[in-house]
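# Chains, contacts and geometry: an overview
So the chains spell out like this:
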Amino acid sequence: MADLTAFPITGKWPAQHPERIQLYSLPTPNGVKVSIALEETGLAYEPHLVSFETNDQMSPEFLSLNPNNKIPAILDPNGPDGKPLQLFESGAILLYIADKTGQLIPKEAAGRYETIQWLMFQMGGVGPMFGQLGFFHKFAGKEYEDKRPRDRYVNESKRLLGVLEQRLEGRQWIMGDTYTIADIAIWPWVRNLVGFYGAGDLVEFSKFTNVQRVLEAFVARPAVARGLDIPKRG
Ligand SMILES: N[C@@H](CCC(=O)N[C@@H](CS)C(=O)NCC(=O)O)C(=O)O
């Protein structure tokens, strides 16, 4: 039986199953990327809720794993060379899960790098831009009289949706026939943009028919439906 007690994070979130991957998360667009990937691959894991209401992400135990105070994060008792591995940043975790299982990423080098390219497109573009749009449209920033910041992120989000629209022409998924971690990174953010953020009209979502088609296919996957609700909110 693995002993994870040396890792301070397990002091706040004790491992009931220390032989399983420990997931510290919340069902946000970044958080669900990891629960969906874990559900898709069938890896055994134990989810722990990091509540923002009680500022859990700022606790010393959480910061011991991720000094950047953001979910998601994992602790794998059986990492490389059989040693425990702690990891934060959803893109890094997705790549780790793909490599560990040999799933969700093409094996040949060119396809692998192309998948990583689209993963980075999400991490550096879609996530930050859609997130800012959310701030200026739905959260505190919506009170600002000056709409120029909001419009900047609306325009940038539309542009990114246009890039996706073009990429998906004649393709089932981002990488064609193969469903990959690039899809798992991108679709929770698109879903959030038109769902939780309510920005569908603002970005003229109805124009992006390929994007709509693939988003529908993504949410119809049973592993996605499960992962979207993990960890359960208290
Ligand atoms: N680049 C990071 C972003 C993670 C992120 O922004 N997480 C948000 C929730 S979606 C968070 O933990 N916010 C808490 C805070 O900023 O205090 C990743 O992809 O893992």
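The structure displayed is predicted, hence computed values, not measured ones.

On to the overall build of the protein chain. When helices and strands are tallied, the protein chain shows nine helices and four strands. The order of helices and strands in the protein chain, counted from the N terminus, is α-β-α-β-α-β-β-α-α-α-α-α-α. A globule of 234 residues ought to have a C-alpha radius of gyration of about 17 Å, and the protein chain, at 18 Å, matches this closely. Its C-alpha atoms give the protein chain principal-axis dimensions of roughly 55 × 45 × 25 Å. Relative to its full complement of 234 residues, the protein chain shows a buried share of 50%. Approximately 11200 Å² of the protein chain is accessible, and the part contributed by carbon and sulfur atoms is 52%.

As for its position among the elements, Thr41 is in helix H2 (residues 29–41). By relative accessible area, which is 12% here, Thr41 ends up buried. A sequence separation of 101 residues divides Thr41 from Lys142, and the C-alpha atoms of the two residues are 39 Å apart. Not counting chain neighbours up to four residues away, the residues in contact with Thr41 comprise Ile97, Thr101, Gln103 and Leu104.

With that settled, consider the domain arrangement of the protein chain. What the domain assignment lists for the protein chain is domain 1 (9–103) and domain 2 (109–221). Each of domain 1 and domain 2 was reduced to a C-alpha centroid, and the two centroids are 24 Å apart. Across the boundary between the two partners, domain 1 contributes 14 residues, which contact 14 residues of domain 2. Both faces combined, the contact of domain 1 with domain 2 buries some 1100 Å², and carbon together with sulfur accounts for 71% of it. Inspection of the region where domain 1 meets domain 2 yields two salt bridges. Across the salt bridge formed by Asp99 and Arg112, the nearest N and O atoms sit 2.8 Å from each other. Every element with two or more residues in the side of domain 1 that touches domain 2 is listed here: H2 and helix H4 (90–101). In terms of residue count, H2 provides more of the side of domain 1 that touches domain 2 than any other element does, seven residues in total. Each residue belonging to the side of domain 1 that touches domain 2 can be placed in one class, and the counts come to seven nonpolar, three polar and four charged.

Time to look at the sheet that holds strand S3 (residues 73–76). Two pairing modes exist for strands in a sheet, parallel and antiparallel, and in both the strands are linked by backbone hydrogen bonds. Taking strand neighbours across the sheet as the criterion, the four strands line up as S2-S1-S3-S4 in an open arrangement whose pairing is mixed. The open sheet terminates on both sides in strands that have one partner only, identified here as strand S2 (45–49) and strand S4 (85–88). Between one strand axis and the next, the sheet turns by 15° as a mean value, whatever way the strands run. Bridge count for strand S1 (residues 21–25) against S3 is three bridges, and the pairing is antiparallel. Bridge assignment links Leu23 to a residue of S3, and that residue is Ile74. Packing against the sheet, H2 makes contact with S1, S2 and S3, and its axis sits at approximately 150° to S1. Contacting S1, S3 and S4, H4 crosses the sheet at an angle of about 135° to S4.

This brings us to the site of the ligand. All residues adjacent to the ligand are Thr28, Asn30, Phe52, Gln57, Asn69, Lys70, Ile71, Pro72, Glu89, Ser90 and Met123. Asn30 has a polar side-chain atom sitting 3.4 Å from an oxygen atom of the ligand. The separation between an oxygen atom of the ligand and a polar main-chain atom of Ile71 is 2.9 Å. Bound to the protein, the ligand loses 76% of the 520 Å² it would expose on its own. Grouping the amino acids of the shell around the ligand by side-chain chemistry returns four nonpolar, five polar and two charged.

What counts and what doesn't
- Residues numbered from 1 in each chain as written.
- Predicted model: local features only at pLDDT ≥ 70, side-chain atom pairs only at ≥ 80, totals over all residues.
- Heavy atoms only, no water.
- Helix = DSSP H or I, 4+ residues; strand = E, 2+ residues; numbered from the N terminus.
- Rg over C-alpha atoms; globule rule 2.2 N^0.38 Å.
- Buried < 20%, exposed > 50% of the residue type's maximum accessible area, 1.4 Å probe, protein only.
- Areas by Shrake-Rupley, 256 points an atom, 1.4 Å probe, with all protein chains shown as cover.
- Contact = heavy atoms within 4.5 Å.
- Domains from an automatic or database assignment.
- Buried area = accessible area lost by both parts, 1.4 Å probe.
- Salt bridge = Lys/Arg side-chain N within 4 Å of Asp/Glu carboxyl O.
- Nonpolar A, V, L, I, M, F, W, Y, C, P; charged D, E, K, R; others polar.
- Pairing = 2+ DSSP bridges.
- Axes fitted to C-alpha atoms, helices over the stretch in contact; angles between N-to-C directions.
- Near = heavy atom within 4 Å.
- Polar contact = N/O pair within 3.5 Å; in protein donor to acceptor, adjacent residues only side chain to side chain.

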